[in-house]
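# Observations on chain architecture
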Amino acid sequence: MPEPIRVRGSVVVPDAELVWRFSRSSGPGGQHVNTSDSKVELRYDVAASKALPEVWRERALERLAGRLVDGRVLVVQASEFRSQWRNREAAAVRLAAVLTQACAPPPKTRRATRPSRGMVERRLDNKRHRSELKEGRRSPRSE
């Protein structure tokens, strides 16, 4: 592959840690599809990887737990193109996207805040004004 699989920043997955498998793909292609192995399956052993820092590896194993084979291997497939080369590129991009998302730091926790007194007063004044405006549109009641 010409492009290395970049996870985040300077972290790159080496080609030695990737296992590629090719098979016949379903879908369009005519007689050619019966002879070419255009479907791509890319396997990456997350648990045994030396490329990922320890914290990222643990985070990825935890977040991808439901998607990993045997609790350690991430499998990505691509078969949408007729060309094996384009399917290889698609699988590599997909693997990079999954790993980037899985290794991302957790979002900051939200700190609860209260609206300022002025904001509360403005909101209530606006509500009062709207109420008076709508009340002025009503037809007068006859008693």
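The residue numbers shown here count from 1 along each chain, following its written sequence. Since the coordinates come from a predicted model, pLDDT governs what is reported: local features require at least 70, and pairs of side-chain atoms require 80 or more to be given and counted, while whole-chain, interface and lining totals use all residues. Calculated side-chain values reflect all of the structure's heavy atoms, with hydrogen atoms and water omitted.

As a further point, take unusual backbone geometry. A positive phi is found at Asp70, a non-glycine position, where the angle reads about 60 degrees. Elements are defined by DSSP. Helices are runs of H or I of four residues or more, strands are runs of E of two residues or more, and each kind is numbered from the N terminus. As for its position among the elements, Asp70 is in the loop between α1 (54-63) and β5 (73-78). We call a residue buried when its accessible area falls under 20% of the maximum for its residue type, exposed when it is over 50%, and partly exposed in between, using a 1.4 Å probe and counting protein chains only. A relative accessible area of 71% places Asp70 in the exposed class.

Counting 26 residues, the largest nonpolar core has Ile5, Val7, Tyr44, Leu52, Leu74 and Leu95 as the members making the most contacts within it. Within the residue set of this core, elements represented by two or more residues are β1 (5-8), β2 (11-13), β4 (39-45), α1, β5 and α2 (84-103). For this core, the leading source of residues is α2, giving 9 residues. The contacts of Ile5, once residues within four sequence positions are left out, are Val11, Val12, Val13, Leu18, Leu42, Ala92, Leu95 and Ala96. To form a nonpolar core, buried Ala, Val, Leu, Ile, Met, Phe, Trp, Tyr and Cys residues must be joined to one another through side-chain atoms within 4.5 Å. The criterion used for residue contact is that any of the two residues' heavy atoms lie within 4.5 Å.

This next bit is on the packing of aromatic side chains. Pairs were defined over the aromatic rings of Phe, Tyr and Trp, the Trp ring being its six-membered one, requiring ring centres within 6.5 Å. Orientation was assigned from the angle between planes: stacked under 30 degrees, edge-to-face over 60, tilted for the rest. For the structure shown, the criterion picks out 0 aromatic pairs. By definition, being over a ring means that NZ of Lys or CZ of Arg is both within 6 Å of the ring centre and within 35 degrees of the ring normal. The ring of Trp20 carries Arg88 above its face, with NZ or CZ at 4.6 Å from the centroid.

Keep in mind these numbers describe shape, not what the thing actually does.
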